[in-house]
Amino acid sequence: MSQAMVVDDSRTIRRILTRTLQDIGYHTVEAGNGLEAWEMLECLESPLDLILLDWNMPEMNGLQFLRKLRADRRFDDIKLMMVTTETQAEQMLEALEAGANEYVMKPFTRDIIEDKLRLMNAL
Amino acid sequence: MTKAVPRTQDAVDKSASITQENYRFLQQHVYQHSGIVLDEGKHYLLESRLIPIVRDVGLADLNALCHALRGVGQAPLRNRVVEAMTTNETLFFRDKSPFDALRLKLLPELLAAARHRPLRIWSAAASTGQEAYSIAMLLLEQGVQPSQVEILGTDLSEEVLARAREAVYSQLEVNRGLPAPYLVKHFTRKGMSWELQERVRKMVRFQQLDLRSGIRPLGMFDLVFCRNVLIYFDLATKRAILEQIRGVMQPHAYLFLGSAETTLNVDERFLRKVVEGAVLYQSMEARA
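What you see is a predicted model; the values in this text were computed from it and never measured.

## What about the overall build of chain A?
Reasoning step 1: Counting secondary structure elements, chain A contains five helices and five strands.
Reasoning step 2: Reading the helices (α) and strands (β) of chain A from amino to carboxyl end gives β-α-β-α-β-α-β-α-β-α.
Reasoning step 3: Whereas a compact globule of 123 residues would reach a radius of gyration of roughly 14 Å, chain A reaches 13 Å, a difference of no more than 12%.
Reasoning step 4: Referenced to the eigenvectors of the C-alpha coordinate spread, the extents of chain A come out at roughly 35 × 30 × 25 Å.
Reasoning step 5: When each of the 123 residues of chain A is scored for burial, the buried share is 56%.
Reasoning step 6: Taking contacts inside chain A between residues at least 6 apart in sequence as the whole, the part at least 24 apart equals 63%.
Reasoning step 7: As displayed, chain A offers around 5700 Å² of accessible surface, 44% of which is attributable to carbon and sulfur atoms.
Reasoning step 8: Here chain A contributes 14 positive and 22 negative side-chain charges, whose respective centroids are spaced 3 Å apart.

See the structure below:
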């Protein structure tokens, strides 16, 4: 079973996203910020296939986490989608250049998440 | 294609009226069940999406619908409302596989067949333009010059075609199906919306057309997208439309139908093929 991590400081958003991912067959883990996600990533027993990542979070924000992730060759195969309230084209470009594979602007629907996963060949 | 629903102005005004309290109730209901924020002043959206339900279940107006939604045992109605508010948009890159087939297999073949003339592509149920513009963006990404292609988008409704020509899309619309790199590259943020850049807009021409009328004057095409429109018609009309479409397809041309549509048992003079997971059709007569 593929494994995905949902990183968001909102418990509600984490719940919505994990439910969507579980319904389409992912095993999921959750983290409340970038730092927590990084620590979890280091000690996961099975590899991650996908990360859904918020931008604005305490401790370590989404962009900082993304840059750290993409600088580490161990995690080259992980697909990453930003799911964020940041909706400016410049921010989107910044995230894509930092290595995000896709970008979803909040608010989102389940269909939007599934469509984007399909684009990433992650569905 | 957008289906025109004839109705009187009086009927619209009466059934579309909604109190502020009920508007807020629907905002909350849609948000709770879909995550979609329905802004203030979107009465036209409520009307276009929910009035068909109001009529179908025999209610007087949107207020009566809200009253019904508050009642017990109304889960199917609640789901229907949420679904009506969140689906039926025309998506960018809808279904993905036809675009994969075009990018990976069909494009070189079609360009070679068109040779010294522009490649002609028809989006037969263009609605608000997402399909035609998806094709245009894909071709640009593949290095096709705008002068090498003519894309025609047609629809029954002038209203949706006006939106297609304007090419300004809401955040929700660009969120769905449009790859983020395409959004960044081909759109410009305009307030809360996103405007498609002129370079892409100029590749597509839109024209009002009823598929049931003569389509010969449109000329011949190398590729036809006629997706999710035949489902609205009865068998005889489907047959007539498919025959007309065959008449405007070049011998090498391909036709894409919607994922729930087929020529099988409707028009047996099409040859079905599967390319990159996409089902497409060629005219048998042309190839004979």
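Back to the write-up after that little detour.
## Considerations on the sheet that holds strand β3 (residues 168-170) of chain B
Residue and element names in this part refer to chain B.
Reasoning step 1: With antiparallel pairing, the three strands of this open sheet are ordered in space as β3-β5-β4. Because the sheet does not close on itself, it has two edges, and the strands there are β3 and β4 (187-190). Put simply, the sheet's adjacent strands are angled 35 degrees from each other on average, direction ignored.
Reasoning step 2: Summarising the sheet, β4 and strand β5 (residues 193-196) pair through four bridges and their orientation is antiparallel. Its bridge partner lying in β5, K190 is registered against S193.

## Some points on the interface of chain B and chain A
Reasoning step 1: In this complex, chain B contributes 21 residues to the contact, which on the side of chain A involves 21 residues.
Reasoning step 2: Carbon and sulfur atoms make up 63% of the surface buried where chain B meets chain A, a total of about 1800 Å² over both sides.
Reasoning step 3: For the chain B face of the interface with chain A, the top three residues by lost area are K96, N175 and V184 of chain B, together amounting to 31%.
Reasoning step 4: Our enumeration of links across chain B and chain A arrives at two salt bridges.
Reasoning step 5: D111 of chain A serves as the salt-bridge partner of R176 of chain B, at 3.9 Å between the closest nitrogen and oxygen.
Reasoning step 6: Our count for the chain B to chain A interface comes out at seven residue pairs in polar contact (both at pLDDT 80 or more).
Reasoning step 7: Taken together, the elements giving at least two residues each to the side of chain B that touches chain A come down to α9 (171-175) and α10 (180-186) of chain B.
Reasoning step 8: Residue classes in the side of chain B that touches chain A are distributed as 12 nonpolar, six polar and three charged.

## Some remarks on the sheet that holds strand β4 (residues 79-84) of chain A
Residues and elements named next belong to chain A.
Reasoning step 1: Judged by pairing direction, the sheet is parallel, and its five strands sit side by side in the order β2-β1-β3-β4-β5 without closing on themselves. The sheet is open, and its two borders are formed by β2 (27-31) and β5 (102-105), each paired with just one other strand. Neighbouring strand axes in the sheet, compared pairwise and without regard to direction, differ in orientation by 20 degrees on average.
Reasoning step 2: Inspection of the sheet shows strand β3 (residues 50-53) paired to β4 by four bridges, in the parallel sense. Paired with L50 across the bridge in β4 is K79.
Reasoning step 3: Contacts from helix α1 (residues 11-23) reach β1 (3-7), β2, β3 and β4, with the element oriented near 165 degrees to β2.
Reasoning step 4: Lying over the sheet, helix α3 (residues 62-70) contacts β3 and β4, oriented at roughly 175 degrees with respect to β4.

## With respect to the domain arrangement of chain B
Reasoning step 1: For chain B, the domain assignment lists domain 1 (9-86) and domain 2 (97-287).
Reasoning step 2: Spacing between the C-alpha centres of domain 1 of chain B and domain 2 of chain B amounts to 33 Å.

## Quick word on the side chain of E173 of chain B
Residue and element names in this part refer to chain B.
Reasoning step 1: With respect to the helices and strands, the residue E173 is situated in helix α9.
Reasoning step 2: For E173, a relative accessible area of 15% translates into the label buried.
Reasoning step 3: Separated by 2.8 Å, the side chain of E173 and the backbone nitrogen of S170 make a polar contact.
Reasoning step 4: Setting aside residues no more than four positions away along its own chain, E173 makes contact with F92, Q130 and R163.

## Some details on the packing of helix α2 (residues 34-43) of chain A against α3 of chain A
All names here are of chain A.
Reasoning step 1: Closest axis-to-axis distance for the α2/α3 pair is 9 Å, and the angle between their directions is 25 degrees. Considering the angle they form, α2 stands roughly parallel to α3. Of the two elements, α2 crosses α3, and the hand of that crossing is right-handed. Between α2 and α3, the residues in contact are G34, A37, W38 and L41 and F65, K68 and L69, respectively.
Reasoning step 2: Of the residues belonging to the contact of α2 with α3, the class tally is five nonpolar, one polar and one charged.

## Remarks on helix α7 (residues 130-141) of chain B
Residues and elements named next belong to chain B.
Reasoning step 1: Here α7 is 12 residues long and its end C-alpha atoms lie 16 Å apart, about the 16 Å a rise of 1.5 Å per residue gives.
Reasoning step 2: Burial of α7 is extensive: 11 of the 12 residues sit out of reach of the surface.
Reasoning step 3: Along α7, the positions that sit buried rather than exposed are Q130, E131, A132, Y133, S134, I135, A136, M137, L138, L139 and L140.
Reasoning step 4: One or two positions beyond α7, positive phi appears at G143, with a value near 85 degrees.

Rules used in this analysis
Residues numbered from 1 in each chain as written. Chains lettered and ligands numbered in written order. Predicted model: local features only at pLDDT ≥ 70, side-chain atom pairs only at ≥ 80, totals over all residues. Heavy atoms only, no water. Helix = DSSP H or I, 4+ residues; strand = E, 2+ residues; numbered from the N terminus. Rg over C-alpha atoms; globule rule 2.2 N^0.38 Å. Buried < 20%, exposed > 50% of the residue type's maximum accessible area, 1.4 Å probe, protein only. Contact = heavy atoms within 4.5 Å. Areas by Shrake-Rupley, 256 points an atom, 1.4 Å probe, with all protein chains shown as cover. Lys, Arg positive; Asp, Glu negative; His and termini not counted. Charge placed at Lys NZ, Arg CZ, Asp CG, Glu CD. Pairing = 2+ DSSP bridges. Axes fitted to C-alpha atoms, helices over the stretch in contact; angles between N-to-C directions. Buried area = accessible area lost by both parts, 1.4 Å probe. Salt bridge = Lys/Arg side-chain N within 4 Å of Asp/Glu carboxyl O. Polar contact = N/O pair within 3.5 Å; in protein donor to acceptor, adjacent residues only side chain to side chain. Nonpolar A, V, L, I, M, F, W, Y, C, P; charged D, E, K, R; others polar. Domains from an automatic or database assignment. Parallel < 35°, antiparallel > 145°, perpendicular 65-115°, else oblique. Left-handed = near helix turned anticlockwise from the far one by under 90°. Expected span 1.5 Å × (residues − 1).

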